[in-house]
Amino acid sequence: MSRRVVITGIGLITPLGVGTEESWQRLIAGESGIRRITRFDAEAAKMTCTIAGEVPDFDVNAFINRKDARKMDTFIQYGVAAAQMALKHSGLVIDDRNADRVGIVIGSGIGGLTMIERTMRAYEKGGARKISPFFIPQTIINMISGWVSMYSGAKGPNLATVSACATGTHAIGDAFEIIARGDADAMIAGGAEACVCELGVGGFCASKALSTRNDDPAAASRPWDVDRDGFVMGEGSGVMVLESLASAAMRGANIIAEVIGYGMSGDAHHMTAPSPAGEGGSRCMRMALQRAGIAPDEVDYINAHGTSTPAGDLAESQGIEVVFANAAKRLMVSSSKSMTGHLLGAAGGIEAGFVALALQNGVVPPTINLDQQDPRCTLDFVPHEARQEAIKIAVSNSFGFGGTNATVILQSFS
């Protein structure tokens, strides 16, 4: 049994803003959400990177009551809030008639690092009595799905993905498969992350993965540019409501786009570096194309992983050229991370949301800061300005540490 799966709701919390419309409008306007870190004094901590994509003006009490909010790390708060946005956008009502047919799969790459950092400091000062009884459920990754279930009443499949920076895309792909095989009629799926803290930023600084363009935050994330020097950390959440076409049609839902393909692969190569020439990503994209039953030349746009790292950007560009061959010349490829930074486990959920909106609105988001394109990367990366294009089929890529890769393919719905 295989059923068509559509997207009926999107909830986005990003460095560009709290809310889907604000994030989307600022994205297509080419605005950057990268600023100097305000959560802690990165300069005093002597960190090599002092910039990040922090979520601006997030009011947790607009989504979650104070008592419950105190039991959640920030990444859970973002995930619950984005899920509420997506459900509201979809118009899906969960009640006794359908609760056991609505599931949740929302993941995170790292989870409650902020709360772990805070609790360790409390422990060092006052010993075990200073550890909150809520510490474990505040930090474990599946608690986003758990809280969303409690708030929404959804009683179907309830799980979380954890695959580093591919988490959000794996969550959406897994939700797509759960619905397609008939185990649920609707799924709330995506990712959330909140690691702009001393341990998170410091850890990535130590591995020399982050940009050190601290004097110009808005220009620091620059995928495929010759002067790219690492990624910029971001935070937030991207969640969408997926439904079987029959379920969406029965209730007259507004359908945003259709999910038609999902691919996964592993590099078996290196802890953090991509496989040579993007071979792992190539297999992932090829699998998604095959499962969608489409040819490479039918794809119009790719929202790339595009993190602004020297090795990663080159490998993905090379991988796309291998998979799409002659069709690569007409592809539009862009990286929304040039504006949001890299949201780790939340990236795939947010970027799939952007792809769905690109299909619905006929607008391809730009890659900003692409002032001098790396001559080894020869694709059309949509530099500087968004394009009005009636795209039909689009791809969203996410690749993560450990050599884990995920691709979803979306199609416009009319």
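Residues numbered from 1 in each chain as written. Predicted model: local features only at pLDDT ≥ 70, side-chain atom pairs only at ≥ 80, totals over all residues. Heavy atoms only, no water.

S.K.: I tried to follow the overall build of the protein chain on my own but got confused; where do I start?
M.R.: Along the backbone of the protein chain there are 13 helices and 15 strands. Over its C-alpha trace the protein chain gives a radius of gyration of 20 Å, about what one expects of a compact globule, namely 22 Å for 414 residues. In the protein chain, which comprises 414 residues, the share counted as buried stands at 64%. Considering only residue pairs separated by 6 or more positions, the protein chain has 78% of its internal contacts joining residues 24 or more positions apart. (Helix = DSSP H or I, 4+ residues; strand = E, 2+ residues; numbered from the N terminus. Rg over C-alpha atoms; globule rule 2.2 N^0.38 Å. Buried < 20%, exposed > 50% of the residue type's maximum accessible area, 1.4 Å probe, protein only. Contact = heavy atoms within 4.5 Å.)

S.K.: I tried to follow the nonpolar core on my own but got confused; where do I start?
M.R.: Where a protein is soluble and globular, its nonpolar side chains tend to be buried together. Counting 46 residues, the largest nonpolar core has Ile7, Ile10 and Leu242 as its most contacted members. When near neighbours in sequence (up to four residues on either side) are disregarded, leucine 242 contacts Val5, Val6, Ile7, Ile172, Ala175, Phe176, Ile179, Asp185, Ala186, Met187 and Val259. Counting 36 residues, the second largest nonpolar core, distinct from the first, contains Leu92, Met143, Ala192 and Val241. (Core = buried A, V, L, I, M, F, W, Y, C linked by side-chain atoms within 4.5 Å.)

S.K.: Whenever I open this one, the environment of glycine 91 confuses me. Can you help?
M.R.: Structurally, the position occupied by glycine 91 is in the loop between helix H3 (74-90) and strand E5 (102-107). Residues glycine 91 and glycine 9, spaced 82 residues apart in sequence, show a C-alpha to C-alpha distance of 7.7 Å.

S.K.: Is there a simple way to explain the packing of helix H10 (residues 279-292) against helix H11 (residues 310-324) in this structure?
M.R.: When two helices pack together, you describe them by how their axes are tilted relative to each other and by the distance separating the axes. At their nearest, the axes of H10 and H11 sit 9 Å apart, and the two run at 40° to each other. With respect to each other, H10 and H11 are oriented oblique. Every pair of crossing elements has a handedness; the one defined by H10 and H11 is right-handed. Residues Ser282, Met285, Arg286 and Leu289 of H10 form the contact with H11, whose own contacting residues are Gly319, Ile320, Val322, Val323 and Phe324. Taken together, the residues of the contact of H10 with H11 break down into 6 nonpolar, 2 polar and 1 charged. (Axes fitted to C-alpha atoms, helices over the stretch in contact; angles between N-to-C directions. Parallel < 35°, antiparallel > 145°, perpendicular 65-115°, else oblique. Left-handed = near helix turned anticlockwise from the far one by under 90°. Nonpolar A, V, L, I, M, F, W, Y, C, P; charged D, E, K, R; others polar.)

S.K.: What exactly am I supposed to notice about helix H4 (residues 113-126) here?
M.R.: Residues that lie three or four places apart on an α-helix share one face, since the helix turns once every 3.6 residues. With 14 residues, H4 should reach 20 Å at 1.5 Å per residue; the first-to-last C-alpha distance of 20 Å fits that figure. Among all positions of H4, only Leu113, Thr114, Met115, Glu117, Thr119 and Gly126 are buried. Each element contacted by the buried residues of H4 is listed here: helix H5 (135-139) and helix H8 (198-206). Once H4 finishes, glycine 127 follows within two positions and takes phi at roughly 80°, a positive value. (Expected span 1.5 Å × (residues − 1).)

S.K.: Teacher, can you tell me more about the packing of aromatic side chains here?
M.R.: Within a pair of aromatic rings, the relevant descriptors are the distance that separates the centres and the angle that separates the planes. Here the structure, examined in full by the defined rule, presents 6 aromatic pairs. Between the aromatic rings of phenylalanine 58 and phenylalanine 63, the centroid separation amounts to 5.8 Å while the plane-to-plane angle is 10°, which identifies the pairing as stacked. Like phenylalanine 63, phenylalanine 58 is buried. Where tryptophan 147 meets tyrosine 151, the ring centres are 6.1 Å apart and the plane angle is 65°; that geometry is what we call edge-to-face. (Phe/Tyr/Trp six-rings, centres within 6.5 Å; stacked < 30°, edge-to-face > 60°.)

S.K.: How should I be thinking about the pairing of strand E15 (residues 404-412) in this particular structure?
M.R.: A regular strand carries its side chains on alternate faces of the sheet. By the criterion of burial, E15 is predominantly enclosed, with 9 of the 9 residues buried. What you see with E15 is no split at all: Thr404, Ala406, Val408, Leu410 and Ser412 on one side and Asn405, Thr407, Ile409 and Gln411 on the other are buried throughout. Pairing of strand E9 (residues 257-266) with E15 involves 9 bridges; the strand directions are antiparallel. Pairing of alanine 257 across the sheet is with serine 412, part of E15. (Pairing = 2+ DSSP bridges.)

S.K.: Any chance you could explain helix H6 (residues 143-152) here in plain terms?
M.R.: Counting buried positions along H6 yields 8 of 10 residues, so the element is predominantly enclosed. Those residues of H6 not exposed but buried are Met143, Ile144, Ser145, Gly146, Trp147, Val148, Ser149 and Ser152. Positioned one or two residues after H6, glycine 153 has a phi angle of 85°, which is positive.

S.K.: Honestly, the state of the cysteines in this entry has me stumped. Any pointers?
M.R.: Each disulfide is one covalent bond, formed between the sulfur atoms of two cysteines. Here the structure, examined in full by the defined rule, presents 0 disulfides. The thiol sulfur of cysteine 49 is not disulfide-bonded, and the nearest other cysteine sulfur, from cysteine 205, lies at 5.2 Å. (Disulfide = S-S within 2.5 Å.)

S.K.: Would you mind showing me how to read the environment of glycine 202 here?
M.R.: One can find glycine 202 in helix H8. If near-sequence neighbours (up to four positions away) are discounted, glycine 202 is found in contact with Met47 and Cys197.

S.K.: For this particular structure, what's the right way to read a nonpolar patch on the surface?
M.R.: On the surface, Met120, Tyr123 and Ile131 cluster together into a nonpolar patch covering about 270 Å² of accessible area. Counting through the fold element by element, methionine 120 comes out in helix H4. (Patch = residues over 30% accessible without salt bridge, like charges linked within 9 Å, V, L, I, M, F, W, Y side chains within 5 Å. Areas by Shrake-Rupley, 256 points an atom, 1.4 Å probe, with all protein chains shown as cover. Salt bridge = Lys/Arg side-chain N within 4 Å of Asp/Glu carboxyl O.)

S.K.: Any chance you could explain the pairing of strand E8 (residues 236-244) here in plain terms?
M.R.: Burial analysis of E8 places 9 of its 9 residues in the buried class, which makes it a mostly covered element. Both faces of E8 are covered, namely the face carrying Gly236, Gly238, Met240, Leu242 and Ser244 and the face carrying Ser237, Val239, Val241 and Glu243. Across 8 bridges, the pairing between strand E7 (residues 186-193) and E8 is antiparallel. Paired with glycine 190 across the bridge in E8 is valine 239.

S.K.: When you look at the packing of helix H7 (residues 167-180) against helix H13 (residues 347-361) in this model, what are you seeing that I'm missing?
M.R.: As a packed pair, H7 and H13 sit with axes 5 Å apart at the nearest point and diverge in direction by 65°. Each of Gly168, Thr169 and Ile172 in H7 lies in contact with H13, whose residues at this interface are Gly348, Gly349 and Ala352.

S.K.: Sorry, what's going on with the pattern of salt bridges here?
M.R.: The final tally for this structure, using the stated rule, is 21 salt bridges. Here arginine 330 makes a salt bridge to aspartate 300, at a shortest N to O gap of 3.0 Å. Taken together, the residues arginine 330 in the loop between H11 and strand E11 (332-334) and aspartate 300 in the loop between H10 and strand E10 (301-303) connect sequence positions 30 residues apart. On the basis of relative accessible area, arginine 330 is assigned to the partly exposed category, the value being 44%. Residue aspartate 300 is classed as buried on the basis of its relative accessible area, which comes to 13%. Taking the shortest distance from any N to any O, the salt bridge between aspartate 374 and arginine 376 comes out at 2.9 Å. Because the salt bridges share partners, they merge into one network encompassing Arg228, Asp313, Asp374 and Arg376.

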